[in-house]
Amino acid sequence: MAKKKGWETRLSGTPDRLMVDFVESLSIDKRLYKYDIAGSIAHAQMLAGRKLITKGEFLKIKQGLEQIGDEIAKGKFKFDPTYEDIHMAIEAALVKKIGAPAKKLHTGRSRNDQVATDLRLWMRDEIDSLKAKIANFQKVLVAQAAKYTGDVMPSYTHLQRAQPITIAAYLLSFVEQLERDFVRLGNCQRLADISPLGSGAIAGSTLPLDRISTAKQLGFSDIADNSIDAVGDRDFCAEFIFDCSIIAAHLSRLSEDFVIFCSNEFGFIRIDDSFCTSSSMMPQKRNADAVELIRGKTGRVYGALTGMLTILKAQPSGYNRDLQEDKTHIFAAADTTSQCLDMAAAVVEHTTFDTNRITSGIDEGFLDATSLAEYLVRKGIPFREAHGIVGCLVAYCEGHSMKLADVEISEFKKYSPVFSPDVYQFLGAANVVARYVTDGSAGTKQAKQRIAYWKKQLAKRI
């Protein structure tokens, strides 16, 4: 039988060892120790300010908590799962260290508002970390894009060749995706920046607690306005994992591209050997395992989101012990996303595009067909009609193993009298890319503009 804890005096007997092991979360939530200690110091200082404890008791509590934090940081603290969670583990250690004053620390406080506060403090820092990793990855992508502003590659829709683009524009497309991730995390951070401390178990307290004081000490922008909602709210957790899931989706899409592009069939890129593996059986193999694993680990993050939403699905109002499971999913999503951002940045930084190979086959697949249709539009042909004319020309070229640029002007005129020798200026991937004029196009001019923009923006962040 396990020993009884102070808050279990209402119960007869002692908890069964099976129950102790089943309900403990210390093995997971001990990583919150810094935030639990910071919240406890702020709470104790507020209690002293309200004369609910003396200034001397506050100083002893503060000193004791700081010592415990130092012990944990140095790996000298022994975590006892009997105390279930990080809150009680620290409180028990504090009682042992300073005696009676420690027993006053929980005045006006519940583990319900305590853990909600810890999670929000942790999440603010974790989001800062993820945003920094996103900015670093964006910087890597922009640096790579700057190397390839004049180099052309095919783009794909339905995994079929579509239109010619610059390699720079392709890389910059992921900078834009990551920027949305950066913004989403910032929005989540603002929603998490609300202090629930002082909400107690569910209804607040009859003691004159100063919630504004603790919120300011902990750097929160505001306090939760409803104690019932405050202790049971985990919307910010679900939103955080959703944000991680979208990041993972973006990384997975890039990974899928790289798996395809580094295959022998494409040969567009070469990922450095330090981020590849070989086969235990086939000596010729060179596998892009890093990006394959990024793609695979996306499932972990999606699983965390499903787990979190499932916890929230049938929660009655207020705090319920189900919420103890939230940290499993939050930490898993954060850790996996963080690791994948680092790996993706490293892989991209050590990848080169084989521009010679890409260029050698760039005009296969009629990438200039849309440009030819737009040429006809310039000549006054309605687009739908122009589309049909070019479709017939493509079919003709396929039947004669030709490219559009190989068609004689006399043959062009059979399809429309508006064709003139200037048509060749609109054919060929390089010509097409040089003629893109709309903002945000995948041409050289637009890529250079965005690279300059992103360099300036990222310099402010990093």
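Below or above, wherever it landed, is the structure these notes cover. Because the structure is a prediction, the values reported are computed rather than measured.

## What about the overall build of the protein chain?
At step 1: A tally of regular secondary structure across the protein chain gives 18 helices and 6 strands.
At step 2: Taken against the 2.2 N^0.38 rule, which gives 23 Å for 462 residues, the C-alpha radius of gyration of the protein chain at 30 Å runs more than 25% over that of a compact globule.
At step 3: For the protein chain, the spread of C-alpha atoms along the principal axes amounts to about 100 × 55 × 40 Å.
At step 4: Out of the 462 residues belonging to the protein chain, those deemed buried represent 50%.

## Quick word on unusual backbone geometry
At step 1: One non-glycine residue, His158, lies in positive phi territory at about 60 degrees.
At step 2: With respect to the helices and strands, His158 occurs in the loop between β1 (152-157) and β2 (160-166).
At step 3: His158 gets classed as exposed once you look at its relative accessible area, which sits at 77%.
At step 4: Positive phi, normally seen in glycine, also occurs at Phe366, with a value near 55 degrees.
At step 5: On the accessibility criterion, Phe366 (16% relative accessible area) is buried.

## Some details on the pairing of β1
At step 1: With 5 bridges connecting them, β1 and β2 associate as antiparallel partners. When the sheet's bridge partners are listed, Thr157 is paired in β2 with Gln160.

## Remarks on helix α5 (residues 86-98)
At step 1: The end-to-end C-alpha separation of α5 is 18 Å, in line with the 18 Å expected for 13 residues at 1.5 Å each.
At step 2: Of all the residues in α5, the buried ones are Ile86, His87, Met88, Ala89, Ile90, Glu91, Ala93 and Leu94.
At step 3: Those residues of α5 hidden inside the fold are in contact with α2 (26-29), α3 (33-49), α4 (55-73) and α6 (111-147).
At step 4: The backbone nitrogen of His87 has a side-chain oxygen 3.1 Å away, supplied by the residue at the start of α5, namely Asp85.
At step 5: Phi for Gly99, located one or two positions after α5, is positive at around 80 degrees.

## Considerations on the side chain of Thr82
At step 1: Within the element layout of this structure, Thr82 appears in the loop between α4 and α5.
At step 2: By relative accessible area, Thr82 is classed as buried at 7%.

## Structural notes on the side chain of Asp368
At step 1: Along the chain, the position of Asp368 falls in the loop between α13 (355-360) and α14 (369-378).
At step 2: Although Asp368 is buried, it makes no salt bridge; Lys403 carries the closest opposite charge, 9.4 Å away.
At step 3: Once you skip the residues sitting within four places of it in the chain, Asp368 turns out to touch Leu404, Phe426, Leu427, Gly428 and Val432.

## Examining the nonpolar core
At step 1: In this structure, Met123, Phe137 and Phe240 are the most contacted members of the largest nonpolar core, which totals 111 residues.
At step 2: Counting residues per element, this core draws most heavily on helix α10 (residues 235-261), which supplies 14 residues.
At step 3: Excluding its chain neighbours within four sequence positions, the residues that come into contact with Phe240 are Trp122, Met123, Glu126, Ile127, Leu130, Leu185, Cys188, Ile330 and Ala334.
At step 4: Of all hydrophobic cores here, the second largest spans 21 residues; its members include Ala369, Leu372, Leu376 and Val394.

## Describing the packing of α3 against α4
At step 1: Their axes nearest at 9 Å, the elements α3 and α4 cross at an angle of 175 degrees. When the axes of α3 and α4 are compared, the pair comes out roughly antiparallel. Across the interface between the two elements, Tyr33, Ile37, Ser40, Ile41, Ala44, Gln45 and Ala48 of α3 pack against Phe58, Ile61, Lys62, Leu65, Glu66, Ile68, Gly69, Ile72 and Ala73 of α4.

## Here we look at the packing of aromatic side chains
At step 1: Counted by the stated rule, this structure contains 18 aromatic pairs.
At step 2: With 6.5 Å between their ring centres and 70 degrees between their planes, Tyr170 and Phe353 make a pair best called edge-to-face. Taken together, the residues span a long stretch of sequence, with Tyr170 in helix α7 (residues 167-192) and Phe353 in strand β6 (residues 351-353) at a distance of 183 residues.
At step 3: Classification of Phe353 as buried rests on a relative accessible area of 7%.
At step 4: Ring centres of Phe261 and Phe268 lie 5.3 Å apart, and the angle between their planes is 35 degrees; on these two criteria the pair is classed as tilted. Like Phe261, the residue Phe268 is buried in the burial classification.

What counts, and at which threshold
- Residues numbered from 1 in each chain as written.
- Predicted model: local features only at pLDDT ≥ 70, side-chain atom pairs only at ≥ 80, totals over all residues.
- Heavy atoms only, no water.
- Helix = DSSP H or I, 4+ residues; strand = E, 2+ residues; numbered from the N terminus.
- Rg over C-alpha atoms; globule rule 2.2 N^0.38 Å.
- Buried < 20%, exposed > 50% of the residue type's maximum accessible area, 1.4 Å probe, protein only.
- Pairing = 2+ DSSP bridges.
- Expected span 1.5 Å × (residues − 1).
- Contact = heavy atoms within 4.5 Å.
- Polar contact = N/O pair within 3.5 Å; in protein donor to acceptor, adjacent residues only side chain to side chain.
- Lys, Arg positive; Asp, Glu negative; His and termini not counted.
- Salt bridge = Lys/Arg side-chain N within 4 Å of Asp/Glu carboxyl O.
- Core = buried A, V, L, I, M, F, W, Y, C linked by side-chain atoms within 4.5 Å.
- Axes fitted to C-alpha atoms, helices over the stretch in contact; angles between N-to-C directions.
- Parallel < 35°, antiparallel > 145°, perpendicular 65-115°, else oblique.
- Phe/Tyr/Trp six-rings, centres within 6.5 Å; stacked < 30°, edge-to-face > 60°.

None of the figures reported here should be taken as evidence of function without further support.
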